[in-house]
Amino acid sequence: ETTTTESYTLDIVGSVRCVEESDNWDWIKKECSKRNIEISRIQLPGNNRKCYTFRSKNLDFQNTELLEPGPSLYAKNLIEFKDKFKSDIANASLISMSGSWPKNASNAAYAQLREIARKSNVKVILDGSWVQLEEALRKGIFGLHLNHPTVVHLCGSWNSNDLLTM
């Protein structure tokens with residue numbers, strides 16, 4: 001099972017879990033519907049979130065993303081999402097959590113979901129921003145996806161030869 005807080009979540013048995021709707025929400029709903037994938041979500045008012053990705057030959061700038069802040073996530077929204085998450089993972093053995101959290105989300109939001117998964121004996125693969133990742137790593141995870149800036153931050157290099165000799 002894959003869980004994202006930004007726009008979609010897919011799992012092996014076919015389900016989507018999300019906190020907010022993105023600009024791609026209509027496409028996501030259509031694609032999920034075609035594949036008989038269940039959607040479970042909470043909706044936040046005021047969605048205006050857009051992501052701009054810049055491509056460049058300048059490697060320092062390549063794939064730079066600017067995210068509009070989008071709607072705010074308040075404590076009551078997180079409680080609602082965690083309740084849904086807890087019931088939605090009841091039959092899962094593995095989930096993947098990916099995506100940016102909405103504005104005002106706790107830096108420990110993924111860590112909180114990780115703890116819920118741990119109590120349900122569900123393994124977690126995480127793809128998140130550095131702050132969210134750092135908090136979740138304290139809880140322990142089964143697997144992880146690191147983006148370029150996070151690898152450089154953690155390892156001091158992006159060069160695969162350097163990484164393999166660490």
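One can find the structure itself at the top, above this paragraph.
Residue positions are given per chain, counted from 1 along the sequence in the order it is written. In view of the model being predicted, local features appear only for residues whose pLDDT reaches at least 70, and side-chain atom pairs are presented and counted only at 80 or more, with totals across whole chains, interfaces and linings using the full set of residues. In computing side-chain properties, one takes all heavy atoms of the structure into account and sets aside hydrogens as well as water.

Caption draft 1: Region of the structure containing the overall build of the protein chain. Elements are defined by DSSP. Helices are runs of H or I of four residues or more, strands are runs of E of two residues or more, and each kind is numbered from the N terminus. The number of helices and strands found in the protein chain is six helices and eight strands. Here's how the labels work: a residue is buried when its accessible area is under 20% of the maximum for its type, exposed when over 50%, partly exposed in between, all with a 1.4 Å probe on protein chains only. With 166 residues in all, the protein chain has 39% of them scored as buried. Note on contacts: a residue pair qualifies if any of its non-hydrogen atoms lie within 4.5 Å across the two residues. Partitioning the contacts of the protein chain with sequence separation of at least 6, the portion at a separation of at least 24 is 48%. For the protein chain, the exposed surface amounts to about 10000 Å²; the carbon and sulfur share of it is 50%. For accessible areas, the Shrake-Rupley method is used with a probe of radius 1.4 Å. Any residue's cover is judged against the shown protein chains and nothing else.

Caption draft 2: Summary view of the nonpolar core. Here the nonpolar core consists of buried residues drawn from Ala, Val, Leu, Ile, Met, Phe, Trp, Tyr and Cys, with membership extended through side-chain atoms lying within 4.5 Å. Counting 22 residues, the largest nonpolar core has F85, I89, I95, M97, W101, Y110 and L113 as its most contacted members. Among the elements of the structure, helix 2 (75-88), strand 6 (94-98), helix 3 (109-119), strand 7 (123-127) and helix 4 (130-137) are those that each provide at least two residues to this core. Ranked by residues supplied to this core, first place goes to helix 3 with five residues. Discounting residues that sit within four places of it in the chain, L113 has contacts with F81, K82, F85, M97 and W101.

Caption draft 3: The arrangement of a nonpolar patch on the surface in detail. Among the surface-exposed residues, Y52, F54, F61 and L66 lie close enough to one another that they form a single nonpolar patch of about 370 Å² accessible area. When its relative accessible area of 40% is taken as the criterion, Y52 is described as partly exposed. Patch membership is restricted to residues that have no salt bridge and whose relative accessible area is over 30%. Joining uses 9 Å for like charges and 5 Å for the nonpolar side chains Val, Leu, Ile, Met, Phe, Trp and Tyr. Between Lys or Arg on one side and Asp or Glu on the other, a salt bridge is scored when a side-chain nitrogen of the former is within 4 Å of a carboxyl oxygen of the latter.

Caption draft 4: Representation of helix 3 in the model. In terms of burial, helix 3 is a largely internal element, eight of the 11 residues being buried. All buried positions along helix 3 are accounted for by A109, Y110, A111, L113, R114, E115, I116 and A117. Buried residues along helix 3 sit in contact with helix 2, strand 6, strand 7 and helix 4.

Caption draft 5: Main features of the pattern of salt bridges. Throughout the structure, instances matching the rule amount to three salt bridges. Its salt-bridge partner being E31, residue R35 comes within 2.6 Å of it at the nearest N-O pair. Of the charged contacts, one joins R118 and E115 as a salt bridge, the two residues approaching to 2.4 Å between their closest N and O atoms. Of this pair, R118 and E115 both sit in helix 3, separated by three residues, roughly a single helical turn. Through salt bridges that share partners, E31, K34 and R35 make up one connected network.

Caption draft 6: Highlighting the packing of helix 2 against helix 3. At their nearest, the axes of helix 2 and helix 3 sit 10 Å apart, and the two run at 30° to each other. Our classification of the angle between helix 2 and helix 3 gives roughly parallel. At the point where helix 2 passes helix 3, the crossing takes the right-handed sense. Contacts between helix 2 and helix 3 involve L78, F81, K82, F85 and K86 from the first element and Q112, L113, I116 and A117 from the second. In terms of residue class, the contact of helix 2 with helix 3 is built from six nonpolar, one polar and two charged. Axis definition: a line fitted to C-alpha atoms, over the contacting stretch in the case of helices. Angles run 0 to 180 degrees between N-to-C directions. Orientation labels follow simple angle bins: below 35 degrees gives roughly parallel, above 145 gives roughly antiparallel, 65 to 115 gives roughly perpendicular, and whatever is left gives oblique. The crossing is said to be left-handed when, going from far helix to near helix, the turn is anticlockwise and less than a right angle, and right-handed when the turn is clockwise. Classification used: nonpolar for Ala, Val, Leu, Ile, Met, Phe, Trp, Tyr, Cys and Pro, charged for Asp, Glu, Lys and Arg, polar for all others including Gly.

Caption draft 7: Representation of the side chain of S72 in the model. Here S72 lies in the loop between strand 5 (64-67) and helix 2. Polar side-chain contacts of S72 include one of 3.0 Å to the side chain of N104. Ignoring anything within four residues of it in the chain, the contact list for S72 reads L44, N77, K103 and N104. In the analysis that follows, any N or O atom pair within 3.5 Å is treated as a polar contact, provided that within protein one partner can donate a hydrogen and the other can accept it, and provided that, for residues neighboring in sequence, both atoms belong to side chains.

Caption draft 8: Local environment of unusual backbone geometry. Notably, N121 is not glycine yet its phi reads approximately 55°, a positive angle. Tracing the backbone through its elements, the reader meets N121 in the loop between helix 3 and strand 7. By relative accessible area, N121 is classed as exposed at 69%.

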